[in-house]
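Structural overview for review
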2 protein chains.
Amino acid sequence: MAFQFEILKKDSSSQARLGRIVTHHGAIMTPAFLPVGTQGTVKSLTPEELAEVGVEGILGNTYHLYLKPGHETIARLGGLHRFIHWEKPILTDSGGYQIFSLAKLRKISEDGVTFQSHIDGSEHFLTPEKVMEIQRTLGSDIAMVLDECVPYPSSHEYVMASTKLTTFWAERCLKARRSDDPALFGIVQGGMYRDLREESARDLTRLDFQGYAIGGLSVGEPKSIMQDVLEWTAPFLPDKSPRYLMGVGTPEDILHATLQGIDLFDCVLPTRNARNGMLFTSRGKISIKQARYAEDPGPIDESCLCYSCRHYSRAYLRHLYLANEILSSRLNTIHNIYYYMELMKEIRKAIQEERLSQLCQTSIFRVNGLQEEQSDQRQTAFL
Amino acid sequence: MAFQFEILKKDSSSQARLGRIVTHHGAIMTPAFLPVGTQGTVKSLTPEELAEVGVEGILGNTYHLYLKPGHETIARLGGLHRFIHWEKPILTDSGGYQIFSLAKLRKISEDGVTFQSHIDGSEHFLTPEKVMEIQRTLGSDIAMVLDECVPYPSSHEYVMASTKLTTFWAERCLKARRSDDPALFGIVQGGMYRDLREESARDLTRLDFQGYAIGGLSVGEPKSIMQDVLEWTAPFLPDKSPRYLMGVGTPEDILHATLQGIDLFDCVLPTRNARNGMLFTSRGKISIKQARYAEDPGPIDESCLCYSCRHYSRAYLRHLYLANEILSSRLNTIHNIYYYMELMKEIRKAIQEERLSQLCQTSIFRVNGLQEEQSDQRQTAFL
């Protein structure tokens, strides 16, 4: 299989590591952030724009692509990469998260999960094997096992049974694997329970996955739980495999998880925030719709070199946002993705230069501490 | 004043001419089509993308920019060009058309027009002098006089009075002109009445405008009336000045008007159609949402070299459209604007090479005759 992961450098004062994932479609330097391309497009951007800001890999949502336009359609059109004109690596999730957050009338059995499409109500049945087939058919570079993503809060009893099921499904995914399949990552579940997280991690790491994800976070739990789960789980994951924290997160979350040894991240935050006019800057998040920017001739961030900051004023971006113009989403998304890519670049550089702990003290990460409009003490407490 | 117009070549078998408009912000080869940037953006595209497909000038809507974000705000931010990051020529309309199509509770007097904003109901009073001031403040390259755009149908009596008012306002615009003002174009009105069109043209051409527009078309009248009005009006417009047919139109409309000696066009058609999934091709218009394209691996138009056609299938574009993705509007708009720019390039080349009448017979213009999904006999009858 084409998949490789090598660690280039370990941080001496934390679990952080600088690494490289190699796939059929090229390499991803880690720690890496994968923008989310839910429906076969990272919303509002072209692949060229993604590459220009330094994106090396994106995430595709199996649930969405399976429902629309359908994985078989995509396969007949040459696979996902060709279909969406993105020639770099694609990680596909298994659909588990969406089935448990978007779909209706879910019914879980040992066999798999039945659900109704959130689009048209049509009924579908997905099994671990089927999810493997879909991701194979899409031509993904990194596939994820089918998992049950339990809501927060859930009882210990429920989560224990669910975690056992996820492990059972993970074994079935492995058994269904073919020699030319994407790399396959297991997903540690276990909700907010330390014993279940440890058990899940131990059970899965006995199996032959090419990487390990931590799932079930960002489901509404308090921030402090994410830290706990990371601290409980990460030490059980093999050093030699990439570790992927699914659906996370804010710059602070990412930095914190990097210190715990996480290598991969994905999140809709930079893209969704952009469309809502929330922009990340070196001095904190700003909401571009605020009246204070009505005649502000400056860029989003004085220290940013992205296309949007090089050419447009906050006043213009505010105008576009209020006028509901498509260009608003584009320029904001370019900026936020650029911010995330620069963040990851800084993290990788800091690991290389043995100064990751110092980096934590610099302003680029203290975005919530200094943020202009929101105060979230939980997030500030992180740093 | 920086404005110049020179005719480089006249067609020997029609009134068509190849020319060049020169402004402070560069030149526009004519016949030219100006995409519409209503609210300070040609919807969904960046200025770089416009330039890349060959756009040399765009239209800005005074009515919209006056209301939001306000011409004085734009002036304080360095003028419209700098505000929207477009350094090539901008033609601004006077707001007349929008006041008479979008705004509410209009009240016209000799002085000017009172109306309520379609956005927030606020009351505004625009005079010929005020409209000049707004366009000056925006930093437009070509300004238009305030006119009353009468609805179709309107009585001869009403249109006669209205046309006299438009001429009176045009005189006041001229009187209000300063030495550093944009070039100023008069607007021939007169509804669907030959005598009034002729009178309007004669009255206006006695005045010292740098160009002449034909207004009041595309207001719901039958296609044949547009031809009539063009034939009645164009011969009265001075040869040495650019002639601008406002708000027009389809490729067929543009070709027909070019034969009558029109040099400038603007229309929301290519951009609006794009967002609605209607794409212009050398074989006719197509609606990308149609089921027939669900697995079509070909580009929108086999003979098109635009970015969208070089990289994406009809199947992907259909998927993006149905998934309501922003990238759909972008890729469709790039294609349609490219189509219009290639059309204008072909027209200019044909005038240069004395083969405009032959061009009318070639397929690129017979888009409605061959169109795949709509049949509009009126339009087909044009050619």
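Conventions and cut-offs
- Residues numbered from 1 in each chain as written.
- Chains lettered and ligands numbered in written order.
- Predicted model: local features only at pLDDT ≥ 70, side-chain atom pairs only at ≥ 80, totals over all residues.
- Domains from an automatic or database assignment.
- Contact = placed C-beta atoms within 7 Å.
- Helix = DSSP H or I, 4+ residues; strand = E, 2+ residues; numbered from the N terminus.
- Nonpolar A, V, L, I, M, F, W, Y, C, P; charged D, E, K, R; others polar.
- Expected span 1.5 Å × (residues − 1).
- Buried ≥ 20, exposed ≤ 12 C-beta atoms within 10 Å, placed from the backbone.
- Arc of directions from axis to C-beta.
- Core = buried A, V, L, I, M, F, W, Y, C linked by C-beta atoms within 7 Å.

1. A look at the domain arrangement of chain A
Residue and element names in this part refer to chain A. When the domains of chain A are assigned, the result is domain 1 (31–274) and domain 2 (283–381). When each unit is reduced to the centre of its C-alpha atoms, the spacing between domain 1 and domain 2 is 27 Å. With 24 residues of domain 1 at the contact, the number on the domain 2 side is 24 residues. Contributing elements (two or more residues each) for the side of domain 1 that touches domain 2: strand 4 (32–37), helix 9 (223–233), helix 10 (251–259) and helix 11 (269–275). The element that contributes the greatest number of residues to the side of domain 1 that touches domain 2 is helix 10, accounting for five residues. Of the residues assigned to the side of domain 1 that touches domain 2, the class counts are 13 nonpolar, seven polar and four charged.

2. Considerations on helix 8 (residues 194–205) of chain A
Residues and elements named next belong to chain A. With 12 residues, helix 8 ought to run about 16 Å at 1.5 Å a step, and its terminal C-alpha atoms sit 16 Å apart, in line with that. For helix 8, the complete set of buried residues consists of L196, R197, S200, A201, D203 and L204. What you see down the axis of helix 8 is that its buried residues fit within an arc of 170 degrees, all on one side. With respect to the buried face of helix 8, the exposed residues turned more than 90 degrees away are D195 and R202.

3. Some words on the interface of chain B and chain A
In this complex, chain B contributes 28 residues to the contact, which on the side of chain A involves 28 residues. For the side of chain B that touches chain A, the elements supplying multiple residues, two or more each, are helix 3 (71–76), helix 4 (80–84), helix 13 (314–322) and helix 14 (326–352) of chain B. The element that contributes the greatest number of residues to the side of chain B that touches chain A is helix 13 of chain B, accounting for four residues. For the side of chain B that touches chain A, a count of residues per class yields 13 nonpolar, 10 polar and five charged.

4. A few points about the environment of P299(A)
Residue and element names in this part refer to chain A. Checked against the element boundaries, P299 lands in the loop between strand 16 (286–287) and helix 12 (307–311). A C-alpha to C-alpha distance of 9.5 Å links P299 and Y316, two positions 17 residues apart in sequence. Ignoring sequence-local partners within four residues, the contact set of P299 consists of C304, C309, Y312, S313 and R314.

5. Brief notes about the environment of H24(B)
Residue and element names in this part refer to chain B. Turning to its location among the elements, H24 is positioned in the loop between strand 2 (17–23) and strand 3 (26–30). A residue is classified by how many C-beta atoms lie within 10 Å of it, and H24, with 14 of them, is partly exposed. When the C-alpha positions of H24 and Y340 are compared, they lie 24 Å apart, and in sequence the two are 316 residues distant. Each residue touching H24, except ones within four places of it in the same chain, is listed here: A2 and D141.

6. Things to note about the nonpolar core
Formed by 224 residues in total, the largest nonpolar core has its most connected members in F185(A), A213(A), F265(A), F185(B), A213(B) and F265(B). Excluding anything up to four places from it in sequence, F265(A) contacts F33(A), L34(A), L245(A), V248(A), G249(A) and I254(A).

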